[in-house]
Amino acid sequence: MESTIWIDIAARPDLVFALARDVERWDRLLPHYARSRAIERRADGALVVDFVARRPLIGLLGLGLPVAWRSRTWSEPVGRRLRFVHVAGATKGMDVTWRIDEAAGGGGSARVTIDHDFRPRVPLFAAFVDRVFTRPIAGRTLATFKTLAEALQSDTALPTDPSR
């Protein structure tokens, strides 16, 4: 099963890429992430990272179901791509690509697209995982990176007062 989600962010694509590529900080940047810990650093620059995110169940009460997976991840700076191949967990075999491009119309904005390709032995399992876990977690991740990047972008746009 293939699925795609995207968001437009009023911040430079390079800024968004710099934030998102630092996967070891996701648990500090993203409130719904409980863990993003590298357990292996490969010679090719890839990391193997254990992730745990909370899938909200009852938003008003802050209750969430922990969802864990392990990914081999790397970034491709030239095309501003992030790659994740799930190597353990219920989503083992999922291939994820983040594309961080200039938004249509330019203006220094980014469009972030996440493509998920998941082909487990039971096809209906992929649809269930996509609707119940992947989309809610990835959507919240994109929304949080949007908030962070736009706040940083507006901070860098502020003129500095040399007299201070």
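Residues numbered from 1 in each chain as written. Predicted model: local features only at pLDDT ≥ 70, side-chain atom pairs only at ≥ 80, totals over all residues. Heavy atoms only, no water.

## Examining the overall build of the protein chain
Part 1: Regarding its fold elements, the protein chain presents three helices and seven strands.
Part 2: The N-to-C order of helical and strand elements in the protein chain reads β-α-α-β-β-β-β-β-β-α.
Part 3: At 17 Å, the protein chain has a C-alpha radius of gyration in line with the 15 Å of a compact globule built from 164 residues.
Part 4: Overall, the protein chain is about 60 × 45 × 35 Å in size when its C-alpha atoms are taken along their principal axes.
Part 5: Of all 164 residues assigned to the protein chain, the portion counted as buried reaches 38%. (Helix = DSSP H or I, 4+ residues; strand = E, 2+ residues; numbered from the N terminus. Rg over C-alpha atoms; globule rule 2.2 N^0.38 Å. Buried < 20%, exposed > 50% of the residue type's maximum accessible area, 1.4 Å probe, protein only.)

## A short note on the side chain of D50
Part 1: Mapped onto the fold, D50 is located in strand β3 (residues 47–58).
Part 2: At 2.5 Å, the side chain of D50 and the side chain of R70 are in polar contact.
Part 3: Sequence-distant contacts of D50, defined by excluding residues within four places in its chain, comprise R35, S36, R37, I39, W69 and R70. (Polar contact = N/O pair within 3.5 Å; in protein donor to acceptor, adjacent residues only side chain to side chain. Contact = heavy atoms within 4.5 Å.)

## Observations regarding the pattern of salt bridges
Part 1: Enumeration over the complete set of coordinates arrives at 14 salt bridges.
Part 2: Among the ionic pairs, D14 bridges to R80, the shortest N-O distance being 3.1 Å. Taken together, the residues span a long stretch of sequence, with D14 in helix α1 (residues 13–20) and R80 in the loop between β4 (63–76) and β5 (81–88) at a distance of 66 residues.
Part 3: For D130, the salt bridge goes to R135, with nearest N and O atoms at 2.9 Å.
Part 4: Classification of R135 by relative accessible area gives partly exposed; the value is 30%.
Part 5: What emerges from the salt-bridge pattern is a single network uniting E2, D117 and R119. (Salt bridge = Lys/Arg side-chain N within 4 Å of Asp/Glu carboxyl O.)

## Focus on the confidence of the model for the protein chain
Where the model shows low pLDDT, its predicted coordinates should not be examined in detail.
Part 1: For the protein chain, the average pLDDT comes to 90, and 91% of its residues sit at 70 or higher.
Part 2: The low-confidence segment residues 158–164, where pLDDT is below 50, has zero contacts with residues more than four positions distant or belonging to other chains. (pLDDT = per-residue confidence, 0-100.)

## Re the environment of I137
Part 1: Note that I137 resides in helix α3 (residues 123–157).
Part 2: Residue classification places I137 among the buried residues on the basis of a relative accessible area of 7%.
Part 3: Along the chain, I137 and H32 lie 105 residues apart, while their C-alpha atoms are 8.1 Å from each other.
Part 4: Beyond its immediate chain neighbours, meaning those up to four positions away, I137 contacts H32, Y33, A53, R54, R55 and V67.

## Thoughts on the nonpolar core
Part 1: With 38 residues, the main nonpolar core has W26 and W98 as its most contacted residues.
Part 2: With eight residues, the single largest contributor to this core is α3.
Part 3: If we ignore the near neighbours within four places in the chain, the residues touching W26 are L19, A20, Y33, S36, F51, F84, W98, T141 and F145. (Core = buried A, V, L, I, M, F, W, Y, C linked by side-chain atoms within 4.5 Å.)

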